[in-house]
Amino acid sequence: MEVETMKQLATALAIGLGAIGPGIAIGLIGGRALEALGRNPEAEGSIRTLMILGAAFAESIAIFALVIALIIKFT
Amino acid sequence: MAAEVLKDVVTETNQEVHAETAAQAEVHAGPHISIKGEEVFEVAGIHVTNSVITTSLVVILFIFIAKYYYDQSRKTDRGLGFYAINTAVKGIYDLFESVLHKKINIFFPLLGAFFFFILLNNWSGLIPGVGTLLLKSVHDGVEHTVPLFRGGTADLNTTLALALVSVIATQIYGLRMIGLKSHVGKYLNFSSPISAFMGILEVVQEFSRILSFSFRLYGNIFAGEVLLSIIPFLLPMLLSFVSTPMYFMEVFVGGVQALVFSMLTAVFISMAISEHH
C-alpha cells in the first residue's frame, strides 16, 4: 500500500476506534445522572455540574484520539 | 534538430504536468490548518508566533477588564458591567468553595486567574478574523501565507506552560501546607511493599497530569477550530445552518474547558493539602 493511503486509513482508524470508549462512557454518565436526578430531583444543579465535568473528562479521551488523527493527517 | 524537438516536447509536457498539479492543488486546497503556531516575525532572535500575538492582546484586554472591575468595586454607584463580571466571579468562587472549603481565599487568586485567562484565550480563537486574516511571510526563502492571529490555547506551548504552572503550584502548596515530611511521605513510603509501589505510581501520576492537562485543553480548542474551518468545505450550501450551532457549541466548550482546567487544579490542590488519603 502507498504511504498516502496508509495515512488516510490510520487517520480514520485513530479517531474511529478512539471514539468508541468515550461514547460508551458519556452514555453511562448521562444515564447515571438521570437516575440520580430521578431519585433526588432537588439536587439538579449540582448533578448537572458534575455530569458536565464528568462528560468533559470522558470527552477528553476522544479528543486525545482526535489530536493523534490530526497529527497523522496534517504532518 | 530531432533532439531539440524532443526537448521542446519534454518541456511542454512538464509544463502541462505542473499546470495540472497546480490546478489539482487549487481544487483540493482545503482550509489552512497547522497543528502548531506559525512564526509571523522575528525580534532579536525570538520567534514571535501568531498565538503569542493573540495571547498578548488577550492579556492586555484582561488587564483592562481587571482594572475596570477593581475601580468599580471601590465606587458606591456601580456600572452594569461590574455586575456582569461580578456574577461570573461569584459563581466561580462558590464552585471552588465547595471543593476547598475554608482555604478558598488562599487559592482563589491562582484558580480564578487560570479560569479567566483560559476562558478569554479560548474565546479569542472564535472572534471573526482570528485565523482568517492572512499575512505573507518569507520563511527559509519560501514565501507562504500565515494567519496573523491564532487562538492562544490552540497552541500546545501555551497549554503546556499552564499545565506546568498548575502542577508545580500544587507541589509548592502541598509542601507549605502540610510540611516537607508528610508531603514527601506521599511519594516515598517504605512502610510496606505495597505503599512503596503506590508511591512510585504517585510520582508517575504527577508527570502524566502535565500531559493530560496540556493535551486536554489544546486538543479541545484546536479540534474546535479545525471543525469550524472544515465544516464549510463539507456543506457549502447550508453553511449558516450548520456552522452557527457549531460556533455556539465551541463557545460552550471553551467555557467548559476553562472550568475543567481550574476545577481539576482545585481538586488536586485539595488532595495535596490534605494530610492523609
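Quantities reported herein were computed from a predicted structural model and do not represent experimental measurements. (Residues numbered from 1 in each chain as written. Chains lettered and ligands numbered in written order. Predicted model: local features only at pLDDT ≥ 70, side-chain atom pairs only at ≥ 80, totals over all residues.)

### Digging into the overall build of chain B
Thinking step 1. Within chain B, the regular secondary structure consists of seven helices and four strands.
Thinking step 2. Beginning at the N terminus, the succession of helices and strands in chain B can be written as α-β-β-α-α-α-β-β-α-α-α.
Thinking step 3. Looking at chain B as a whole, 25% of its 277 residues qualify as buried.
Thinking step 4. Pairs at least 24 apart in sequence give 64% of the contacts found in chain B among residues at least 6 apart. (Helix = DSSP H or I, 4+ residues; strand = E, 2+ residues; numbered from the N terminus. Buried ≥ 20, exposed ≤ 12 C-beta atoms within 10 Å, placed from the backbone. Contact = placed C-beta atoms within 7 Å.)

### Considering the overall build of chain A
Thinking step 1. When you go through chain A residue by residue, the secondary structure sums to three helices and zero strands.
Thinking step 2. When the helices and strands of chain A are placed in sequence order, the string is α-α-α.
Thinking step 3. A globule of 75 residues ought to have a C-alpha radius of gyration of about 11 Å, yet chain A, at 17 Å, is considerably larger.
Thinking step 4. Expressed as lengths along the three principal axes of its C-alpha atoms, the size of chain A is roughly 60 × 15 × 10 Å.
Thinking step 5. In chain A, the share of contacts with a sequence separation of at least 24, taken over all contacts with a separation of at least 6, comes to 80%. (Rg over C-alpha atoms; globule rule 2.2 N^0.38 Å.)

### Points about the packing of helix α3 (residues 80–100) of chain B against helix α7 (residues 239–272) of chain B
All names here are of chain B.
Thinking step 1. It is the contact of α3 with α7, at a shortest axis distance of 9 Å, that shows an interaxial angle of 25°. The angle between α3 and α7 places the two elements in the roughly parallel class. Every pair of crossing elements has a handedness; the one defined by α3 and α7 is right-handed. Of the residues in α7, those touching α3 at Phe96, Val99 and Leu100 are Ala266, Val267 and Ser270.
Thinking step 2. Class assignment of the residues belonging to the contact of α3 with α7 gives a composition of five nonpolar, one polar and no charged. (Axes fitted to C-alpha atoms, helices over the stretch in contact; angles between N-to-C directions. Parallel < 35°, antiparallel > 145°, perpendicular 65-115°, else oblique. Left-handed = near helix turned anticlockwise from the far one by under 90°. Nonpolar A, V, L, I, M, F, W, Y, C, P; charged D, E, K, R; others polar.)

### Focus on the interface of chain B and chain A
Thinking step 1. Taken together, the contact between chain B and chain A spans 11 residues of the former and 12 residues of the latter.
Thinking step 2. Mapped onto the side of chain B that touches chain A, the elements with two or more residues apiece are α6 (193–234) and α7 of chain B.
Thinking step 3. When residues in the side of chain B that touches chain A are grouped by element, the largest group, six residues, is from α6 of chain B.
Thinking step 4. Among the residues forming the side of chain B that touches chain A, the class breakdown is eight nonpolar, two polar and one charged.

### Some details on the nonpolar core
Across soluble globular proteins, you tend to see nonpolar side chains buried next to one another.
Thinking step 1. Formed by 40 residues in total, the largest nonpolar core has its most connected members in Leu66 of chain A together with Phe115, Ile118 and Phe261 of chain B.
Thinking step 2. Where this core is concerned, the elements lending two or more residues are α3 (44–74) of chain A together with α3, α4 (104–124), α5 (156–185), α6 and α7 of chain B.
Thinking step 3. Residue contributions to this core peak at nine residues, all from α7 of chain B.
Thinking step 4. Once you skip the residues sitting within four places of it in the chain, leucine 66 of chain A turns out to touch Ile15 of chain A together with Gly219 and Ala223 of chain B. (Core = buried A, V, L, I, M, F, W, Y, C linked by C-beta atoms within 7 Å.)

### Regarding unusual backbone geometry
All names here are of chain B.
Thinking step 1. The backbone of histidine 101 shows a phi angle near 55°, a positive value even though the residue is not glycine.
Thinking step 2. For histidine 101, the location among the structural elements is in the loop between α3 and α4.
Thinking step 3. Histidine 101 gets classed as exposed once you count the C-beta atoms within 10 Å, which come to 9.

### Structural notes on helix α2 (residues 50–73) of chain B
Helical geometry note: an α-helix holds 3.6 residues per turn, so side chains three or four residues apart project in the same direction.
Thinking step 1. When the terminal C-alpha atoms of α2 of chain B are compared, their 35 Å separation across 24 residues agrees well with the 34 Å that a helix rising 1.5 Å per residue should span.
Thinking step 2. Every buried residue of α2 of chain B is listed here: Asn50, Ser51, Thr54, Thr55 and Val58 of chain B. (Expected span 1.5 Å × (residues − 1).)

### Focus: the pairing of strand β2 (residues 46–49) of chain B
Within a regular strand, side chains alternate between the sheet's two faces.
Residues and elements named next belong to chain B.
Thinking step 1. Alignment of strand β1 (residues 39–43) against β2, held across four bridges, turns out to be antiparallel. From the neighbouring strand, valine 43 faces β2, where its bridge partner is isoleucine 46.
Thinking step 2. Once β1 ends, the chain turns through two residues before running back antiparallel as β2, passing alanine 44 with a positive phi of about 50°. (Pairing = 2+ DSSP bridges.)

### What about the packing of α5 of chain B against α6 of chain B?
All names here are of chain B.
Thinking step 1. Direction vectors running N to C along α5 and α6 enclose 140°, while the axes themselves pass 8 Å from each other. Compared by their axis directions, α5 and α6 come out oblique. Judged by the twist between their axes, the crossing of α5 over α6 is right-handed. In contact with Leu156, Thr159, Leu160, Ala163, Leu164, Ser166 and Val167 of α5, α6 contributes Glu206, Arg209, Ile210, Phe213, Ser214, Leu217 and Tyr218.
Thinking step 2. Across the contact of α5 with α6, the residue classes break down as nine nonpolar, three polar and two charged.

### Details of the confidence of the model for chain A
Thinking step 1. Averaged over every residue, the pLDDT of chain A is 89; the share at 70 or more is 100%.
Thinking step 2. Mean pLDDT across the secondary structure elements of chain A bottoms out at α3 of chain A, with 85, and peaks at helix α2 (residues 20–39) of chain A, with 94. (pLDDT = per-residue confidence, 0-100.)

### Some remarks on α3 of chain A
Thinking step 1. With 31 residues, α3 of chain A extends 43 Å from end C-alpha to end C-alpha; this agrees with the ideal 45 Å at 1.5 Å per step.
Thinking step 2. Buried residues of α3 of chain A: Ala56, Glu59, Ser60, Ala62, Ile63, Ala65, Leu66, Val67 and Ala69 of chain A, and no others.
Thinking step 3. Each element contacted by the buried residues of α3 of chain A is listed here: α1 (3–18) and α2 of chain A together with α6 and α7 of chain B.

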